[in-house]
Amino acid sequence: MAVRRRRRGAAAPPEPPALSGRRPCRLPGRRAGAAMGRAALLLLLLVATAGRAGVWAAGGPEVHSLRGSWRLGNGNGSVVLRGEVPGCVHTALHRRGLIQDPYYRFNDVMYRWISLDNWTYSRTFKTPFDIRKWQKVNLVFEGVDTVAQILINNITFGRTDNMFNRYSFDITSVIKEVNFVEVHFLSAVSYAAEQSRCHKAYSIPPACPPPVQKGECHANFIRKEQCSFSWDWGPSFPTQGIWKDVRIEAYNHYHLIYFSLTSFFVKSAQQWSLEIEAIFDVVSSKPIAGLVTVNIPKLQTQQTFSVKLQPGEGSIVLLVNINKSSAVEAWWPNGHGKQTGYNMTTTFIMEAGYQIEKFSKAYFRTVELVQEPIPGSPGLSFYFKINGRPIFIKGSNWIPADAFQDRVTYDTLWLLLKSTADANMNALRVWGGGVYEQDEFYNICDEIGIMIWQDFMFACALYPTDQNYLESVRAEVSHQVRRLKSHPSIILWSGNNENEAAIASNWFSIPYADREVYIKDYVLLYVKNIREIVLTEDKSRPFIASSPTNGLESVKEGWLSQNPYDTHYGDTHFYDYSNDCWNWTVYPKTRFASEYGFQSWPSFSTIEKISSTEDWSYTSNFSLHRQHHENGNDQMLQQIGHHFKLPQSTDPIKKFKDTIYLTQVMQAQCIKTETEFYRFSQSEIIKGEGHTMGALYWQLNDIWQAPSWASLEYGGKWKLLHYFAQNFFAPLLPVAYEDKGVLYIYGVSDLHADRKLTLRVVVHAWSSLEPVCTLAKDGVTVKAQSAVLIYKESINNLLERCRNCTRKSCVITFCLVGEGGLQSPTNHHFLSSLKDAVGLEKTQLSASVSQRDDVYIFVLQTTAIAPFVSLDVGRIKGRFSDNGFLMTEKKKVVVFYPWEPTSVEELEESLTLTSLVDVV
């Protein structure tokens, strides 16, 4: 996601003032002591997929966590408190009651001072083992945010400057029985400004975000979550803190640092194999020999290997062939099969030292990114095959779930990812301006079948390529690939977000004569460094350099295509807020839509928590402050105005609530139209365009409570868009569009077999709950995993058959029905704007609520047709089975799935029912 298109050429705010007590341009002794820190999440007792159940080691290393309460103080000592580790300064201050909720009202700007100060974390710890027994003792940081000097017992032995790296410092010579550890942070804002100032040869844009974002400058000069300096959907909170685990590790002989497994299917042998990689820190000065046994009981597979570990960073790569007589169940994406994993034990018995037993989960799946010529079309295809089967990618884009990562719990992730799967999605793109997500995120995706398009953390900017910077990036990439490559959910590595497009479209107004230096930097960073490491570390999945990209065509053009938005190649990002979003002809008939979207406001109950009464107006200072996308609030009203009457209530709070509701209706209907266009384009080529094989709308989730492109609000509440997504991503769906007065209905299917179905088309008058006419077309063949035309009729003929109907007085609904209960959602097609609809009546909507086991049943009744019926139970956490629907029958049953204990009484009291006719 760009910091959106409309702002090209926005004037940058002035450079921040010079820093007092200037630091040198580069921290001296950078990455000192981090020999093993070029790497990764230590999988001892923790684990990525490849070792969810951890490690057992007889006579093995001593591991002592330093999690918990640390002393935290600011630069001049005027603020001193206890701070939790993992954690950050903002959450520590908030927990101790020293600041309000950072998300409340205007606090993002009020609390800017926190990020500008230099904070120190410190604590004392007793060494819980006899130091003399161990050859090596390390202090390991899984994540430091970001620029820090680390001291133990008043001796500086390391520095950090990359939030995404793992740092391991050898403290064997300085550790005592009682130790004092300090982590001195330097303001990320100050550091980034200083790095930019020192880069004298040429500027590296953008200098600053647009003023509407109220952000900080030079995010591209620090290896830190880029959106923490602000984005067009998020606040500026450049945090400081120890954001991941920190611990002491003591060991002799050798120590396992990384353990990963990737699966391959060998076509010639028709056999699955697993590549297992184990990377050790070998303390011994001589090679260490031993045996490794791999056992997968369910697959009757056991193999033993003789191995030798070399001193230093010793690695072992083993190829395990799966017993051919065992039927391997592959891992499939959500909606295409099961997510089977097999328990696996890997035992290392070395001639020196101790035995290591590693428990992990083995998954089997292959992935191919197919880019090949398409008959009747210039260019190349761009689609994914999983286990040899082409899969239409359905989903969204993931951003960080909070500005403060320590607040992102397993429950937070589970709720958001389960909501992804519940909306019939099979994929998410982890966007490159955030963070490489925590292990639990990928574990959940493995378990529920959500494929991940994984960006590296570079977004909407150009980046430096001096040696220190590249060294840090190389360590980051190596660490993250080693940490994450065991996850079957990850199907693609992508070098950056929109940086190929930034150069190709000249977002930063670089004079033509200067372009070469930036192109050279681009290739050096993403191709010669990042790509090179990815291809060395992981041969099991594809890599692309950017998104959007023309894929192989970009490679052919020297990695930088003339037009990365070309619909005949690769993927596209597309945003258009001025044209009518119901007009499908404005959308690109692209090979793969990896970003597209429209904004809406979150529910009133979400906004209410972080605002006060005077804020509850669409034009309040608060509403303007919270909107970080230039003209975003006006663009929403303009888009609403195409098809709906704008709220005119004299009650300011009702007017605000009505406007929020309409923004959600508009967003849902817009993204429905665009997504359905991409889905029905999958099997056709028209004027050389089509074969669209992916639709990832922008964006899934929110980082705070604000207007944005998200379908899930901060806290996980479903917007109307998310309910619509459950339908427009359904495995079986009829999709309608109009062209030159003719109605076309396509049968879209993700099912693995052709189906003979009945298409039911019903025409309703807005003024009556009785259908005007019904058509049932039997024996309609909907082909497996494709989109085929199943119905075609001119609107005039249809209206003539259904007497008493005009475009303004009637609406069409349709669904597909098959044997054995197979049924698509009921879809709708509007024949005119709803602001012009004739016969829409004020309806009496009512609901009765009852409990059935763990869920609640809402029985809705209406006295007239009701468009966009919304059920809202305020702050009660949970979701409905359906919402935002067109109610064309007197009665409808909706189920509420609570996420926390509630009651019939609470739900009845909190329920608000709204339909379009309630907006005045």
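Up top is the structure.
All values derive from a computational prediction rather than experimental measurement.

Now for the overall build of the chain. The secondary structure content of the chain amounts to 17 helices and 47 strands. Computed over the C-alpha atoms, the radius of gyration of the chain is 29 Å, within 12% of the 29 Å expected from 2.2 N^0.38 for a compact globule of 920 residues. Principal-axis analysis of the C-alpha atoms places the extent of the chain at approximately 95 × 70 × 65 Å. Expressed as a percentage of the 920 residues in the chain, the buried residues total 64%. In the chain, once contacts between residues fewer than 6 apart in sequence are set aside, the share between residues at least 24 apart is 72%. Total accessible area on the chain stands at roughly 32800 Å², and carbon and sulfur atoms take up 50% of it. Of the charged side chains in the chain, 93 are positive and 91 negative, and the gap between their average positions amounts to 2 Å.

The next subject is unusual backbone geometry. Look at the link from Val85 to Pro86: it is a cis peptide, with omega at 0 degrees. Inspection of the secondary structure puts Pro86 in the loop between strand S4 (80–85) and helix H1 (89–95). Of the consecutive residues Trp698 and Gln699, the connecting peptide bond is found in the cis state with omega at 10 degrees. You can see Gln699 is positioned in the loop between strand S33 (694–697) and helix H15 (720–728). The phi torsion at Asn154 lies on the positive side, around 70 degrees, for a residue other than glycine. Along the chain, Asn154 falls in the loop between strand S7 (148–152) and strand S8 (155–160).

What follows is about the sheet that holds strand S18 (residues 312–321). Taken in spatial order, the three strands make up an open sheet running S14-S15-S18, and their pairing is antiparallel. Edge positions in the open sheet fall to strand S14 (254–266) and S18, since each of these has one partner strand only. Each strand of the sheet is rotated relative to its neighbour by a mean of 15 degrees, with strand direction disregarded.

It is a general feature of regular strands that their side chains alternate between the two faces of the sheet. Taking burial as the measure, the six residues of strand S24 (residues 393–398) include six buried ones, the bulk of the element. As paired elements, S24 and strand S25 (residues 427–430) share four bridges and run parallel to each other. Across the sheet, Gly395 pairs through a bridge with Ala427, a residue of S25. Crossover handedness for the path S24 to helix H5 (residues 410–422) to S25: right-handed.

The next subject is the pattern of salt bridges. With the rule as written, the count across this model stands at 38 salt bridges. For Arg474, the salt bridge identified is with Glu532, shortest N-O distance 3.4 Å. Linking Arg474 in helix H7 (residues 467–484) with Glu532 in helix H9 (residues 515–537), this pair joins segments that are 58 residues apart in sequence. Taking relative accessible area as the criterion, Glu532 reaches 40% and is therefore assigned partly exposed. The salt bridge partner of Glu537 is Arg482, with a shortest N-O separation of 3.1 Å. Here Glu537, found in helix H9, pairs with Arg482, found in helix H7; they are 55 residues apart in sequence, far enough to count as distant. Both residues of the pair, Glu537 and Arg482, count as buried. Taken together, the shared-partner salt bridges connect Arg67, Glu142, Arg166, Asp245, Arg247 and Glu249 into one network.

Using the criterion set out here, one finds four disulfides in the structure. Across the disulfide from Cys208 sits Cys217; the S-S distance is 2.1 Å. Its torsion about the S-S bond being 105 degrees, the disulfide of Cys208 and Cys217 is classed as right-handed. The burial state of Cys208 is the same as that of Cys217; both residues are buried. For Cys805, the disulfide goes to Cys810, at an S-S distance of 1.8 Å.

As a further point, take the nonpolar core. Counting 160 residues, the largest nonpolar core has Trp398, Phe456, Ile530 and Phe858 as its most contacted members. Top element by residues in this core is helix H14 (residues 652–680). It accounts for twelve residues. In this view, Phe858 contacts Ser848, Val849, Leu871, Val873, Phe880, Lys892, Val893, Val894, Phe896, Leu907 and Leu911; residues no more than four positions away in its chain are not counted. By size, the runner-up hydrophobic cluster in this structure holds 51 residues, among which are Val292, Ile296, Leu299 and Trp332.

Picture the strands of a sheet paired through backbone hydrogen bonds; they go either parallel or antiparallel. Pairing is antiparallel across the open sheet formed by six strands, whose spatial order is S4-S3-S5-S10-S7-S8. The open sheet has two edge strands, S4 and S8, and neither has a second partner. Going from strand to strand, the sheet's axes swing by 25 degrees on average, the running direction of each strand aside. In this structure, strand S3 (residues 68–73) lies alongside S4, joined through six bridges in antiparallel fashion. When the bridges of S4 are listed, Trp70 appears paired with Gly83.

Among the surface-exposed residues, Glu900, Glu905, Glu906, Glu908 and Glu909 lie close enough to one another that they form a single negatively charged patch. By the element assignment, Glu906 lies in helix H17 (residues 904–910). Glu906 sits in the partly exposed class, given a relative accessible area of 40%.

What follows covers the environment of Trp493. Along the chain, the position of Trp493 falls in strand S27 (residues 490–494). In this structure Trp493 comes out as buried when scored by relative accessible area, which is 0%. In the structure, Trp493 is positioned 345 residues away from Ala148 in sequence and 29 Å away in space, judged by C-alpha atoms. Trp493 has contacts with Gln454, Phe456, Gln480, Val481, Leu484, Lys485, Val534, Asp538, Arg541, Pro542, Phe543 and Ile544, leaving out every residue within four places of it along the chain.

Moving on, we come to H7. A rise of 1.5 Å per residue sets the reference length of H7, with its 18 residues, at 26 Å; its end C-alpha atoms lie 26 Å apart and thus fit the reference within 8%. Across the 18 residues that make up H7, a large majority, 14, are buried.

Quick look at the environment of Met110 now. Mapping Met110 onto the fold places it in helix H2 (residues 107–110). For Met110 and Val763, which are 653 residues apart along the polypeptide, the C-alpha to C-alpha distance reads 55 Å.

How each quantity is defined
For every chain, the first residue of its written sequence is number 1, and the numbers climb from 1 along that sequence. Reporting of local features is limited, given that this is a predicted model, to residues whose pLDDT is at least 70; pairs of side-chain atoms are given and counted only at 80 or more, and all residues count toward the totals for whole chains, interfaces and linings. Hydrogens and water are ignored here; the side-chain numbers use all heavy atoms of the structure. Helix and strand definitions follow DSSP, with helices as H or I runs of at least four residues and strands as E runs of at least two, each counted in order from the N terminus. Atoms counted for the radius of gyration: C-alpha only. Globule rule: 2.2 Å times the number of residues to the power 0.38. Type-normalised accessible area, obtained with a 1.4 Å probe on protein chains alone, sets the label of each residue: buried when under 20%, exposed when over 50%, and partly exposed for intermediate values. What makes two residues a contact is simply this: any of their non-hydrogen atoms within 4.5 Å. Areas reported as accessible are Shrake-Rupley estimates using a 1.4 Å probe. Residue values count occlusion only from the protein chains shown. Counting rule for charge: Lys and Arg are taken as positive, Asp and Glu as negative, and neither His nor the chain ends is counted. Note on charges: their place is set at NZ of Lys, CZ of Arg, CG of Asp or CD of Glu. Pairing between strands is defined by DSSP: at least two bridges between the two strands are required. Every axis corresponds to a line fitted to the C-alpha atoms, with the helix fit spanning only the stretch in contact, and the corresponding angles, defined between N-to-C directions, vary from 0 to 180 degrees. The handedness of a crossover follows from its direction of travel: if, with the strands pointing away from the viewer, the path from the first strand over the helix to the second runs clockwise, the crossover is right-handed. We define a salt bridge as a contact between a side-chain nitrogen of Lys or Arg and a carboxyl oxygen of Asp or Glu at a distance within 4 Å. Any pair of cysteine sulfurs within 2.5 Å is marked as a disulfide. Side-chain atoms within 4.5 Å link the members of a nonpolar core, which is a set of buried Ala, Val, Leu, Ile, Met, Phe, Trp, Tyr and Cys residues. Surface patches are drawn from residues lacking salt bridges whose relative accessible area is over 30%; two like charges belong together within 9 Å, two nonpolar side chains (Val, Leu, Ile, Met, Phe, Trp, Tyr) within 5 Å. In this scheme, a helix's expected span is set at 1.5 Å multiplied by one less than its residue total.

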